[in-house]
Amino acid sequence: MDRLPRGRHGLSPEFVARNQRDRLIAALILTLADVGYQKTTVSMIGRRAAVSKSDFYKHFDSKDSCFFAAYDFAVERMRAAVVDACAAAGSSEWAVRVQAGVVALLSLLAEEPAVAAIVLAEGLRAGRGIYDRYQGAVESFVPLLREGAPDGPGGEPVPPATDEAAVGGVASLLSRRVTAGETADLTALVPDVVEFVLTPHLGTEAARRITSAG
Amino acid sequence: MSATRPQLPAEFVAAHKRRRMIDAMAALCAEQGYEATKIADVVRRAHVARKTLYDNFSGKEDLFLAAFDTTLADAEAEIAEACDAIDADEWEARTEAGLRALLGFVAAHPEAAALAFVEAPAATPTSAARYEAALEGFIARLRESAPPGPVRPVTLEEALVGGAVWIVQRQVRRGAAADARDLLPELAEFVVSPYRGVGKR
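Caption draft 1: Spatial organisation of the overall build of chain A. Secondary structure summary: chain A contains 12 helices and zero strands in total. In chain A, the succession of α and β elements from N to C terminus is α-α-α-α-α-α-α-α-α-α-α-α. For 214 residues, the compact-globule formula gives about 17 Å, and the C-alpha radius of gyration of chain A, at 19 Å, lands near that figure. Along the first, second and third principal axes, the C-alpha set of chain A runs to 60 × 30 × 30 Å. Across the 214 residues in chain A, those meeting the buried criterion constitute 48%. Taking as baseline every contact in chain A between residues at least 6 positions apart, the subset at least 24 positions apart corresponds to 63%.

Next up, the structure:
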């Protein structure tokens, strides 16, 4: 087997073929989505990646170190999708950029359920250590949201904690949906999520208008 | 009674021992995490016999779940009491009072807060499920108490509770549970503002 089995994992064949380390990371993400963290073993990862056990240990010293690398990879993929979408909407006003970022994020998760699973569901059951990474990942979206954001509707600046809570709230909502097996339907949440993160800066009515304008 | 030493009722002693084991579990979780905590550590910390522990709990996970349930019940009782002290039509004030009670609980019980907010979501599959159920309870409470108004996104309460819990969790993880009350102004604003239009008072 020189490549991963075809399936609805959404990882590109180019990525899968690129090299052993990347293949192992991809194999862990897919195995985790199938059987969960506890049941995932180094042998299963190696078999799926067509990499021998001894080669596995040339890249990672344990299942956990492979898992952490995979987690970081999946988070970076999510971040890149948002950053690219915001950049593509570059000169538009803030709310339009935010909307583009949310659409990109939820579309990526819906199309690559294994990425959604490791970052937002299965990965979180891997024990205490992963929470630092999860926290860092969630917090890394806050500056993206705040960049170019207007002051609150009353004219006063929106405190960072408000946007932190909003981003944490979205992460919690997405995590609940992914855990419930509703990953494929995440894009239906775009209007809710956009309204939720715009509201502190624009007020409920203006946020609603932008969301319903699509 | 012929004993020269005053005796406490047996139920009181039993309840007190049970509490000591639960508190020991919380303290050890806060220090070293659930995974590293051993029954032997709990027994030593709680000053109870190993047999006493197994008379009360089937094992480490059972004790942990009891500690989680106790913490949740204590916190919910304080929140309910604080909310009920405010008139039902004072929605904002009630919500703020509930949040204040929650943050006060976290500040007064940093170890129990660490157990409930940091350890429970990842300790075991059963504890993760109970944690989720607890979140569900807070979401339902907020949804039921929300004031009548225009149609709002159905996910609003999930995102608000998730966001508030996120901030509390982070505070506890930073070892700053004792200062949790400082979070009140911004958290109250965060939770209440979507219902009234931000910035309007």
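Let's pick the thread back up.
Caption draft 2: Expanded view of the overall build of chain B. From N to C terminus, chain B includes nine helices and zero strands. Reading chain B from its N terminus to its C terminus gives the helix and strand order α-α-α-α-α-α-α-α-α. By its C-alpha atoms, chain B is 65 × 40 × 25 Å across when sized along the principal axes. Expressed as a percentage of its 201 residues, the buried residues of chain B come to 40%. For chain B, restricting intrachain contacts to residue pairs at least 6 apart in sequence, the fraction spanning at least 24 positions comes to 64%.

Caption draft 3: Main features of the packing of helix H7 (residues 125-145) of chain B against helix H8 (residues 156-173) of chain B. Residues and elements named next belong to chain B. Where H7 meets H8, the closest approach of the two axes is 9 Å, and the angle between their N-to-C directions is 125°. Here H8 runs oblique to H7, going by the angle between their axes. Judged by the twist between their axes, the crossing of H7 over H8 is right-handed. Each of Leu 135, Phe 138, Ile 139, Leu 142 and Arg 143 in H7 lies in contact with H8, whose residues at this interface are Glu 157, Glu 158, Leu 160, Val 161 and Val 165. Its residues assigned to classes, the contact of H7 with H8 comprises seven nonpolar, no polar and three charged.

Caption draft 4: Here's a closer look at the nonpolar core. Within the largest apolar cluster, 124 residues are counted, with the highest numbers of intra-cluster contacts made by Ile 29 of chain A together with Met 25 of chain B. Take this core: its biggest share by element is 11 residues, from helix H5 (residues 63-88) of chain A. Sequence-distant contacts of Ile 29 of chain A, defined by excluding residues within four places in its chain, comprise Ala 70, Ala 74, Ala 114, Val 115 and Ile 118 of chain A.

Caption draft 5: Spotlight on helix H12 (residues 204-213) of chain A. Residues and elements named next belong to chain A. Those residues of H12 lying buried are Thr 204, Ala 207, Arg 208 and Thr 211. Take H12 and look down its axis: the buried residues cluster within an arc of 100°, on one side only. The exposed residues of H12 that point more than 90 degrees off its buried face are Glu 205 and Ala 213.

Caption draft 6: Spatial organisation of the confidence of the model for chain B. For chain B, mean pLDDT is 91; residues scoring 70 or higher make up 96% of the total. Scored by ipTM, the complex comes to 0.86, with pTM at 0.88.

Caption draft 7: Region of interest: the interface of chain A and chain B. Contacts between the two partners involve 30 residues from chain A, matched on the other side by 25 residues from chain B. Those elements that place two or more of their residues in the side of chain A that touches chain B are helix H8 (130-139), helix H10 (160-179), helix H11 (190-202) and H12 of chain A. In terms of residue count, the dominant contributor to the side of chain A that touches chain B is H10 of chain A (11 residues).

Analysis parameters
- Residues numbered from 1 in each chain as written.
- Chains lettered and ligands numbered in written order.
- Predicted model: local features only at pLDDT ≥ 70, side-chain atom pairs only at ≥ 80, totals over all residues.
- Helix = DSSP H or I, 4+ residues; strand = E, 2+ residues; numbered from the N terminus.
- Rg over C-alpha atoms; globule rule 2.2 N^0.38 Å.
- Buried ≥ 20, exposed ≤ 12 C-beta atoms within 10 Å, placed from the backbone.
- Contact = placed C-beta atoms within 7 Å.
- Axes fitted to C-alpha atoms, helices over the stretch in contact; angles between N-to-C directions.
- Parallel < 35°, antiparallel > 145°, perpendicular 65-115°, else oblique.
- Left-handed = near helix turned anticlockwise from the far one by under 90°.
- Nonpolar A, V, L, I, M, F, W, Y, C, P; charged D, E, K, R; others polar.
- Core = buried A, V, L, I, M, F, W, Y, C linked by C-beta atoms within 7 Å.
- Arc of directions from axis to C-beta.
- pLDDT = per-residue confidence, 0-100.

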